[in-house]
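Residue strings, one per chain:
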Amino acid sequence: MKRRDIFMLSCTAALFIIAILCGAMCLSSIRHGPRPYAAAAGVCIVCAALLWFIVTARVYAAKSRRQLAAVTMIDPLTKGDNSSAFQIKLKTLTSQAPPSTYTLVFLNIKDFQLINENFGVGAGDNTLKYIHSVLKSHIKEDELVCRSEMDHFFLCLKDASEQSVTERVAEIAEAVNGGGAYTGVGSRITLRAGGYLIDNPGLKVITMQDRARAACINAPEDAACAFFGPALLERKKREGILNSIFAASLKHHDFQIYLQPKVRLSDRKLCGAEALVRWRHPEYGMIFPSNFIPLFERNGNICILDVYIFEEVCRLLRSYLDARQALIPISVNLSRSHIKKPNFLREFVEIKKKYQIPDNIIEFELTESIMLSAEHIKLVKNVIGEMHKNGFLCSLDDFGFGYSSLSLLKDLEIDVVKLDKSFFDDVLNPKAESIILGFIEIAHRLGIKVVAEGIETEDQLNSLCRLHCDAVQGYFFSKPLSIVDFEAWSRASGA
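Residues numbered from 1 in each chain as written. Predicted model: local features only at pLDDT ≥ 70, side-chain atom pairs only at ≥ 80, totals over all residues. Heavy atoms only, no water.

A. Representation of the sheet that holds strand β4 (residues 191-197). One open sheet holds the 5 strands; their spatial order is β2-β3-β1-β4-β5, and the pairing between them is mixed. Single-partner strands in this sheet number two, and they are β2 (144-149) and β5 (226-227). Alignment of β2 against strand β3 (residues 152-157), held across 5 bridges, turns out to be antiparallel. Among the inter-strand pairings, Leu 144 is bridged to a residue of β3, identified as Cys 156. Against the sheet, helix α8 (residues 205-217) engages β1 (103-109), β2, β3, β4 and β5, with an angle of about 135° to β4. (Pairing = 2+ DSSP bridges. Helix = DSSP H or I, 4+ residues; strand = E, 2+ residues; numbered from the N terminus. Contact = heavy atoms within 4.5 Å. Axes fitted to C-alpha atoms, helices over the stretch in contact; angles between N-to-C directions.)

The structure is reproduced here in structure tokens:
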């Protein structure tokens with residue numbers, strides 16, 4: 001109970017006692033005076049009782065309002081403002097300031113689910129509470145912070161400069177990663193951020209928040225903070241166009257296969273190829289994968305495109321079989337979105353049978369980032385088993401780039417490991433060479449072939465030859481080629 005409430009109740013109690021004493025004095029004087037004393041005594045007692053009731057009711061009503069506010073305006077986890085309180089305060093703050101005074105920032109913890117899965121819900125809650133405390137310590141008196149839901153936070157910063165806001169967000173990210181001892185999480189925490197300069201305070205708060213959130217969702221991976229503005233709107237417009245022409249482009253075969261050779265190091269002969277997609281539209285020209293793959297991964301079209309590319313590869317292989325040409329294994333990428341679907345492989349198996357493709361000619365490439373948790377690894381393990389039963393090979397792409405663990409080589413019956421190009425940026429470094437050699441030796445002992453990606457220099461190639469890498473892929477030999485150019489390259493190289 002607050003001091004104000006205690007004071008009011010104390011005053012009321014004192015008045016009540018005084019009224020009772022006055023009433024008692026009046027009653028005692030009835031014997032010695034006229035009857036009006038009795039009436040006065042009754043009035044005093046009734047007034048005191050009414051006063052006590054009114055004040056007590058007001059005190060407890062105020063207490064109930066505070067308890068209700070605690071439920072509706074306070075985040076139960078962080079004990080700070082919740083989304084409702086933040087929205088009310090944000091509207092008040094921005095309406096009293098000139099336009100472009102404040103920037104609204106949306107923060108999202110990348111892969112937060114991994115913290116809960118790997119360290120437990122308690123560690124996840126501690127992480128959220130710690131991040132909130134860091135955010136609160138980095139805002140000024142006339143700025144705001146709240147956890148809106150789950151692992152999402154909002155900041156209202158009194159700053160109109162994108163550079164300044166970006167620097168503050170980067171500073172906060174560094175401070176957050178100084179708190180491992182408080183969160184119980186040893187790995188680095190990555191914050192994704194999007195900002196909206198509040199140039200129109202008259203907008204609804206939810207619209208402001210949507211703009212900051214949109215900036216975050218569409219931010220490049222390496223951006224400390226992306227901002228809502230003309231560039232983002234133009235990008236969204238372009239993505240809308242790409243979505244609208246997707247179905248027609250599939251129908252008209254505007255998506256084309258490009259093949260990048262894989263070269264065996266023992267004899268420097270062609271030993272396979274990776275199928276990549278290029279989009280040649282009659283109106284918009286060449287549309288590069290970086291412009292549409294992330295978009296299609298977000299909206300689910302990537303699964304449709306993967307099946308399309310797979311069938312195009314099968315159609316190509318069938319043409320080689322009909323022409324009695326030798327086949328080389330071709331790998332096709334498989335988005336992580338497929339893994340979430342039960343029995344997704346059935347459609348690929350039916351296409352393979354339709355074109356009568358021999359076993360062990362098509363290889364599915366899975367990115368290492370699919371393996372987010374023990375549950376995902378178990379799921380992928382089962383999928384790989386089904387691939388082998390149906391005559392597919394399987395490779396693990398981008399190995400060593402993100403979530404890598406040598407235990408994956410033990411747990412998964414993969415046929416090929418593709419080492420990420422980041423391994424070879426400093427290939428002449430003795431430590432780097434020792435790490436690569438260790439990977440290759442372990443893989444070979446497990447019966448797994450090793451392909452090095454992104455090879456561009458003679459030094460990289462010579463080093464990999466010394467380390468007994470099986471094959472390489474990269475611009476040193478060839479960029480991705482159209483089918484016609486790939487066939488010409490293959491003939492010229494004597495493959």
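B. Inspection of the packing of aromatic side chains at higher detail. Taken as a whole, this structure holds 18 aromatic pairs when the rule is applied. When the centroid spacing of 6.1 Å and the interplanar angle of 25° are considered together, the rings of Phe 86 and Phe 154 count as stacked. Residue Phe 86 is found in helix α3 (residues 83-95), and its partner Phe 154 is found in strand β3; the two are separated by 68 residues along the sequence. Ring plane angle 85° and centroid distance 5.0 Å describe the contact between Phe 310 and Phe 348, whose orientation is recorded as edge-to-face. Placement of the pair is Phe 310 in helix α11 (residues 301-322) and Phe 348 in helix α13 (residues 345-354), with a sequence separation of 38 residues. The exposure class of Phe 310 is buried, given its relative accessible area of 0%. A relative accessible area of 2% means that Phe 348 is categorised as buried. (Phe/Tyr/Trp six-rings, centres within 6.5 Å; stacked < 30°, edge-to-face > 60°. Buried < 20%, exposed > 50% of the residue type's maximum accessible area, 1.4 Å probe, protein only.)

C. Summary view of unusual backbone geometry. At Lys 79, a residue that is not glycine, the phi angle is positive and equals roughly 65°. With respect to the element layout, Lys 79 can be found in the loop between α2 (36-73) and α3. Given a relative accessible area of 61%, Lys 79 falls into the exposed group. Positive phi, close to 65°, is recorded for His 468, a residue that is not glycine.

D. Quick peek at the pattern of salt bridges. Using the criterion set out here, one finds 23 salt bridges in the structure. Between Glu 239 and Arg 298 there is a salt bridge, with the nearest N and O atoms lying 2.9 Å from each other. Within this pair, whereas Glu 239 is found in helix α9 (residues 230-251), its partner Arg 298 is found in helix α10 (residues 289-299), the two being separated by 59 residues in sequence. Here Glu 386 ties to Lys 389 by a salt bridge, and the two come within 3.5 Å at their closest N and O atoms. Taken together, the residues Glu 386 and Lys 389, both in helix α14 (residues 374-389) and 3 residues apart, mark about one turn of the helix. A cluster of three or more residues bridged by salt bridges with shared partners is formed by Lys 262, Glu 274, Glu 363, Glu 365, Lys 418 and Glu 453. (Salt bridge = Lys/Arg side-chain N within 4 Å of Asp/Glu carboxyl O.)

E. Focus on the environment of Leu 157. Looking at the secondary structure, you find Leu 157 in strand β3. Considered as a pair, Leu 157 and His 138 are 19 residues apart in the sequence and their alpha carbons are 9.9 Å apart. Beyond its immediate stretch of four places on either side in the chain, Leu 157 contacts Thr 101, Tyr 102, Thr 103, Val 105, Ile 139, Glu 143, Val 165 and Arg 168.

F. The environment of Arg 147, seen in detail. Locating Arg 147 in the fold gives a position in strand β2. Along the backbone, Arg 147 and Leu 107 are 40 residues apart, and their C-alpha atoms lie at a distance of 9.3 Å. Residues contacting Arg 147, with those up to four places away along its chain left out, are Asp 75, Leu 77, Thr 78, Asp 81, Asn 82, Ser 83, Leu 128, His 132, His 152 and Phe 153. From its side chain, Arg 147 meets the backbone oxygen of Met 150 in a polar contact 2.8 Å long. (Polar contact = N/O pair within 3.5 Å; in protein donor to acceptor, adjacent residues only side chain to side chain.)

G. Structural detail: the nonpolar core. Residues Phe 255 and Leu 305 are the most contacted members of the largest nonpolar core, which totals 79 residues. Considering each element in turn, this core owes the most residues, 12 residues, to α11. With residues up to four places along the chain from it excluded, the contact list for Leu 305 reads Phe 246, Leu 250, Phe 255, Val 277, Phe 292, Ile 293 and Phe 296. Ile 109, Phe 112, Ile 131 and Ile 139 belong to the second-largest nonpolar core, a separate cluster that totals 26 residues. (Core = buried A, V, L, I, M, F, W, Y, C linked by side-chain atoms within 4.5 Å.)

H. How the structure looks around the side chain of Lys 418. Along the polypeptide, Lys 418 turns up in strand β12 (residues 416-419). Reaching out from Lys 418, the side chain makes a polar contact with the side chain of Glu 274 at a distance of 3.1 Å. For Lys 418, the side chain forms a polar contact with the side chain of Glu 365, separated by 2.8 Å. When neighbours within four sequence positions are excluded, Lys 418 is seen to be in contact with Lys 262, Glu 274, Glu 365, Ser 395, Leu 396, Asp 397, Asp 398, Phe 399, Val 451, Glu 453 and Gln 473.

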